[in-house]
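# Structural characterization, general
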Amino acid sequence: MDNRNLENGKPKPLLVYLVAIYAASLLIANILASHMLVVWRWSASAGILTFPITYILASVIAEVYGYKMARRAAWLSLGLNALMAGLIQLSIMLPQPVWYDGIYFVTAVGSTWRIVLASLTAFTIGKFVNDRIFAHLKSKHTDITGFKFRAMASSIIGHIIDSSIFTLIAFVINLPWSTIGEMILVSVILKWGYEWLALPITVKLTKKVRKYESMENTK
């Protein structure tokens, strides 16, 4: 780990909090992904409610703490999601009391393994592309100059890849191609639109985190 991201040999407290929120948002998104929403007249996975948060935090982490830390945060989040899916499937397979009807639990989260598989594949590829584009655009700047452009430019590519792969793996068995295409388009528009609307908050948060870490480094 970069020594700049350590404090007394341990990860900086604020970095730990940001990564924890980042990982939790991805876990929540994969649970919500099994639920469908109607946005005007279009269909969309409820996972769109939290997925943009992961991209906002990813931009903040990459901008302030660097590309390597952003990748570590992504791998940690993916590992936790794989663990969640594995434990859910194990709990379904283990013996249950005769008086307990687990059908509702299976209905609610039984498909989580497929959702997580779709998420692991889509997020790994989409996030890798997003981070690489962000890092390339940032390579010429040591400060926040150009942050808005690189955050939104990298995100739109990441969202297209992420949403396409996720929707295909998660729903191709159950939904017609027309609905899948609609879901991909709506998902990309909503995620990127959400980020665009939240961009002032993202910029402000990034500046505050940079300022906080700069003050901590001077102590």
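Up top you'll find the structure we're talking about.
Right, let's walk through the structure included here. (Residues numbered from 1 in each chain as written. Predicted model: local features only at pLDDT ≥ 70, side-chain atom pairs only at ≥ 80, totals over all residues. Heavy atoms only, no water.)

## Here we look at the pairing of strand β4 (residues 42-45)
Relative to β4, strand β3 (residues 36-39) runs antiparallel, the two sharing four bridges. Across the sheet, Val38 pairs through a bridge with Ser43, a residue of β4. In this structure, the hairpin formed by β3 and β4 is closed by a connection of two residues, where Trp40 is found at a positive phi of approximately 60 degrees. (Pairing = 2+ DSSP bridges. Helix = DSSP H or I, 4+ residues; strand = E, 2+ residues; numbered from the N terminus.)

## Side note on the packing of aromatic side chains
Under the counting rule described, the total for this entry stands at three aromatic pairs. Judged by centre distance (6.3 Å) and plane angle (80 degrees), the rings of Trp99 and Tyr100 are edge-to-face. Where Phe166 meets Phe171, the ring centres are 6.2 Å apart and the plane angle is 80 degrees; that geometry is what we call edge-to-face. Phe166 gets classed as buried once you look at its relative accessible area, which sits at 6%. (Phe/Tyr/Trp six-rings, centres within 6.5 Å; stacked < 30°, edge-to-face > 60°. Buried < 20%, exposed > 50% of the residue type's maximum accessible area, 1.4 Å probe, protein only.)

## A word on the environment of Pro13
Positionally, Pro13 belongs in helix α1 (residues 13-32). Owing to a relative accessible area of 36%, Pro13 belongs among the partly exposed residues under this scheme. Sequence separation between Pro13 and Leu49 is 36 residues, and the spatial gap between their C-alpha atoms is 27 Å.

## Side note on the nonpolar core
In terms of nonpolar packing, the biggest core is built from 27 residues, with Leu18, Tyr22, Ile61, Tyr65 and Phe123 touching the most fellow members. Broken down by secondary-structure element, the contributors of at least two residues to this core are α1, α2 (51-65), α3 (67-93), α5 (112-138), α6 (147-171) and α7 (177-217). Of the residues forming this core, the biggest block, eight residues, is contributed by α2. Apart from the residues lying within four places of it in its own chain, the contact partners of Ile61 are Leu18, Val19, Gly66, Met69, Ala70 and Ala73. (Core = buried A, V, L, I, M, F, W, Y, C linked by side-chain atoms within 4.5 Å. Contact = heavy atoms within 4.5 Å.)

## Focus on a nonpolar patch on the surface
On the surface, Val98, Trp99, Tyr100, Ile103, Tyr104, Phe105 and Val106 cluster together to form a nonpolar patch covering roughly 850 Å² of accessible area. Relative to the helices and strands, Val98 resides in the loop between α3 and α4 (103-109). By relative accessible area, Val98 is classed as exposed at 83%. (Patch = residues over 30% accessible without salt bridge, like charges linked within 9 Å, V, L, I, M, F, W, Y side chains within 5 Å. Areas by Shrake-Rupley, 256 points an atom, 1.4 Å probe, with all protein chains shown as cover. Salt bridge = Lys/Arg side-chain N within 4 Å of Asp/Glu carboxyl O.)

## Regarding α1
Between the first and last C-alpha of α1 there are 29 Å, a value that for 20 residues agrees with the 28 Å anticipated at 1.5 Å per step. Along α1, the positions that sit buried rather than exposed are Leu15, Leu18, Val19, Tyr22, Ala23, Ser25, Leu26, Ala29 and Asn30. The arc that holds the buried residues of α1, viewed along the axis, is 150 degrees, so those residues lie on one side. (Expected span 1.5 Å × (residues − 1). Arc of directions from axis to C-beta.)

## Observations concerning the pattern of salt bridges
Summed over all chains, the structure comprises three salt bridges. Among the salt bridges present, the one from Glu63 reaches Arg150, with a minimum N-O distance of 2.9 Å. Note that Glu63 is positioned in helix α2 and Arg150 in helix α6, a separation of 87 residues in sequence. As far as the burial class goes, Glu63 and Arg150 line up, both buried. Note that Glu63 and Arg210 form a salt bridge whose closest N and O atoms lie 3.7 Å from each other. Here Glu63 is found in helix α2, whereas its partner Arg210 is found in helix α7, with 147 residues between them in sequence. For Arg210, a relative accessible area of 22% translates into the label partly exposed. A single network of salt bridges, built from pairs that share partners, joins Glu63, Arg150 and Arg210.

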